[in-house]
Amino acid sequence: MTNVLKVNRWNPEPEIIARAAAILRDGGLVAFPTETVYGLGADGLNARAAGRIFAAKGRPPDNPLILHLSGPDDAARLAEIDARAGSVMEAFWPGPLTLVLPALPVVPKEVTAGLDTVALRMPDHPVALALIEAAGRPVAGPSANRSGRPSPTDADAVAADLGSRVDLVLDAGSVEIGLESTVIDLTEREPLLLRPGGMPRERLERFLGEPLRVPGGAGRDAERRSPGTRHRHYAPAVPVLVWDGGELPPDADPRSSGFVGMAPPPAKFAWTLLFGSAENYARGIFAAFRSLEAREGCRHIVAEWPRPEGLGLALRDRILRASGNSEGGTG
Ligand code: TXA
Ligand code: MG
């Protein structure tokens, strides 16, 4: 049902990349691996193609897309790049960092969801970079899940969610990071953290020499929040409850629940998936959600609440949103 091609992660086969790039240039959809999660790619300068992404995902039309680039030089054709934005790209690309910048008119409104800004990222993955290069244009790409579901960290998860809604899936195995990129807004003097992600906040703040502010809930600030974070997200079919290291959440019976986290829980669960470190937890959490929701008799998922450092900040954000708390902050 889904058209999947295996591709070598380190040395992508040129004929496979050429086939995928031709689909993109014809206005089709290609799911591709990045270092964070799998993306659902379309020609980022073709409004109709970008529109197909929203239909395939069931994505709310007010949630803009990231344009993926194969190098910082392409950014100047799409957005206004000042000295600070240039130095951040130089320091952190390729990598799990997305920059929101003032958009140039060439960027379709379907990509920006009507905003006057555009999100840009250069992924750190040979297959993604080869595909963008061969397509010869920016590749619009949200995570390749149905809207609201956990992001896909392997090709099976893409196929399970999107089936034949995608023209081709490039399968390069499991991703390295497992959580989406960090999104920062550099459109005004004060840099904003719109979404915590794979690039730790501390590293960015050290580089910028100032704190990243997290926009609040009202007025202009609310508009500038990452629009995608308004919606319920990352949620498996089974309810997710948070365990903060104290009492277990009273609603979950461990005998009919799955546990995901780093350290062993204080009770015997029907299913226990332990990851040891925040890095491994990040890499495995979405696949763990998908695996547990498929177990016969699993009624709840209890997820350990990590410390808000390094990848822990992004993990907290995803766990909170998966548990249905859309006001999940970043602390
Ligand atoms: O790691 C990632 O970022 C993955 C891989 C595939 O690159 N992509 C991804 O895309 O997570 P998506 O669409 O699932 O999330 C993009 C986030 C959303 O929260 C969206 O609202 C925000 O970026 N965003 C995109 N354009 C924006 C803009 N112009 N202003 C503010 N936020 C924007
Ligand atoms: Mg997403």
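Worth saying up front: this structure is predicted, and the values here are computed from it rather than measured.

Colleague: What is the right way to look at the overall build of the protein in this model?
Modeller: Within the protein one finds 10 helices and 14 strands. In terms of overall dimensions, the protein is globule-like: its C-alpha atoms have a radius of gyration of 19 Å, near the 20 Å expected for 331 residues. When its C-alpha atoms are laid out on the principal axes, the protein stretches across 55 × 45 × 35 Å. Relative to its full complement of 331 residues, the protein shows a buried share of 56%. When the accessible surface of the protein is split by element, carbon and sulfur atoms take 51% of a total near 13,300 Å². Within the protein, one finds 37 positive and 41 negative side-chain charges whose respective centroids are separated by 3 Å.

Colleague: I would appreciate a short explanation of the sheet that holds strand E7 (residues 139–140) in the present structure.
Modeller: Two modes of strand pairing occur in sheets, parallel and antiparallel, and in both the strands are linked by backbone hydrogen bonds. Pairing is mixed across the open sheet formed by 10 strands, whose spatial order is E1-E8-E2-E3-E7-E4-E6-E5-E9-E10. Because the sheet does not close on itself, it has two edges, and the strands there are strand E1 (4–6) and strand E10 (192–195). Where strand E2 (residues 30–32) lies against strand E3 (residues 39–43), 3 bridges are found, and the strand directions are antiparallel. Bridge pairing in E3 places valine 30 opposite glycine 41.

Colleague: What should I look at first to understand the domain arrangement of the protein in this one?
Modeller: Often, the extent of an interface is quoted as the loss of accessible area on bringing the components together. Splitting the protein by domain gives domain 1 (4–225) and domain 2 (240–322). In this structure, domain 1 and domain 2 have C-alpha centres spaced 27 Å apart. When the area that domain 1 buries against domain 2 is broken down by residue, the three leading residues are Pro150, Leu179 and Pro196, summing to 35%. Linking domain 1 with domain 2 are 3 salt bridges, by the criterion used here. The residue glutamate 180 makes a salt bridge to arginine 318 at a minimum N-O spacing of 2.8 Å. Counting only elements with at least two residues in the side of domain 1 that touches domain 2, the list comes to helix H6 (155–162), E10 and helix H7 (201–208). Split into classes, the residues belonging to the side of domain 1 that touches domain 2 amount to 9 nonpolar, 7 polar and 8 charged.

Colleague: I'm lost on the environment of threonine 2 in this one. Help?
Modeller: With respect to the helices and strands, the residue threonine 2 is situated in the segment before E1. Placed 165 residues apart in sequence, threonine 2 and aspartate 167 show a C-alpha to C-alpha distance of 7.7 Å. Once residues within four sequence positions are removed from consideration, threonine 2 is found in contact with Ala159, Gly163, Ser164, Val166 and Val169. Of the polar contacts made by the side chain of threonine 2, one reaches the backbone oxygen of glycine 163; its length is 3.5 Å.

Colleague: Explain the packing of helix H3 (residues 83–92) against H7 here, please?
Modeller: Helix-helix packing is described using two parameters, namely the angle between the two axes and the distance between the axes. As a packed pair, H3 and H7 sit with axes 11 Å apart at the nearest point and diverge in direction by 130 degrees. If you check the angle between H3 and H7, you find them oblique. Read as a crossing pair, H3 and H7 show a hand that is right-handed. For the pair H3 and H7, the contacting residues are Arg84, Ser87, Val88, Ala91 and Phe92 in the first and Arg203, Leu204, Phe207 and Leu208 in the second. A class-by-class count of the residues in the contact of H3 with H7 yields 6 nonpolar, 1 polar and 2 charged.

Colleague: It is not clear to me how the nonpolar core should be interpreted in this structure. Could you clarify?
Modeller: Considering soluble globular proteins, one finds that nonpolar side chains tend to be buried as a cluster. Grouped together as the largest cluster of nonpolar side chains are 63 residues, with contacts concentrated most on Leu97, Leu99, Leu120 and Leu170. Residues in contact with leucine 170, not counting those within four places in the same chain, are Leu5, Val7, Ile16, Ile17, Ala20, Val30, Ala31, Phe32, Pro33, Tyr38, Val127 and Leu131.

Colleague: Teacher, can you tell me more about the pairing of strand E14 (residues 300–304) here?
Modeller: Across a regular strand the side chains alternate sides, sitting on one face of the sheet and then on the other. Buried residues dominate E14, accounting for 5 of its 5 residues. Residue alternation in E14 divides its side chains into two sets, His300, Val302 and Glu304 and Ile301 and Ala303, and both sets are buried. Note that strand E11 (residues 240–243) and E14 share 4 bridges and pair parallel. Counterpart to valine 240 in the pairing with E14 is isoleucine 301. As paired elements, strand E12 (residues 257–261) and E14 share 4 bridges and run parallel to each other. Residue glycine 258 lies in a different strand from E14, and its bridge partner there is isoleucine 301.

Conventions we followed
Residues numbered from 1 in each chain as written. Chains lettered and ligands numbered in written order. Predicted model: local features only at pLDDT ≥ 70, side-chain atom pairs only at ≥ 80, totals over all residues. Heavy atoms only, no water. Helix = DSSP H or I, 4+ residues; strand = E, 2+ residues; numbered from the N terminus. Rg over C-alpha atoms; globule rule 2.2 N^0.38 Å. Buried < 20%, exposed > 50% of the residue type's maximum accessible area, 1.4 Å probe, protein only. Areas by Shrake-Rupley, 256 points an atom, 1.4 Å probe, with all protein chains shown as cover. Lys, Arg positive; Asp, Glu negative; His and termini not counted. Charge placed at Lys NZ, Arg CZ, Asp CG, Glu CD. Pairing = 2+ DSSP bridges. Domains from an automatic or database assignment. Buried area = accessible area lost by both parts, 1.4 Å probe. Salt bridge = Lys/Arg side-chain N within 4 Å of Asp/Glu carboxyl O. Nonpolar A, V, L, I, M, F, W, Y, C, P; charged D, E, K, R; others polar. Contact = heavy atoms within 4.5 Å. Polar contact = N/O pair within 3.5 Å; in protein donor to acceptor, adjacent residues only side chain to side chain. Axes fitted to C-alpha atoms, helices over the stretch in contact; angles between N-to-C directions. Parallel < 35°, antiparallel > 145°, perpendicular 65-115°, else oblique. Left-handed = near helix turned anticlockwise from the far one by under 90°. Core = buried A, V, L, I, M, F, W, Y, C linked by side-chain atoms within 4.5 Å.

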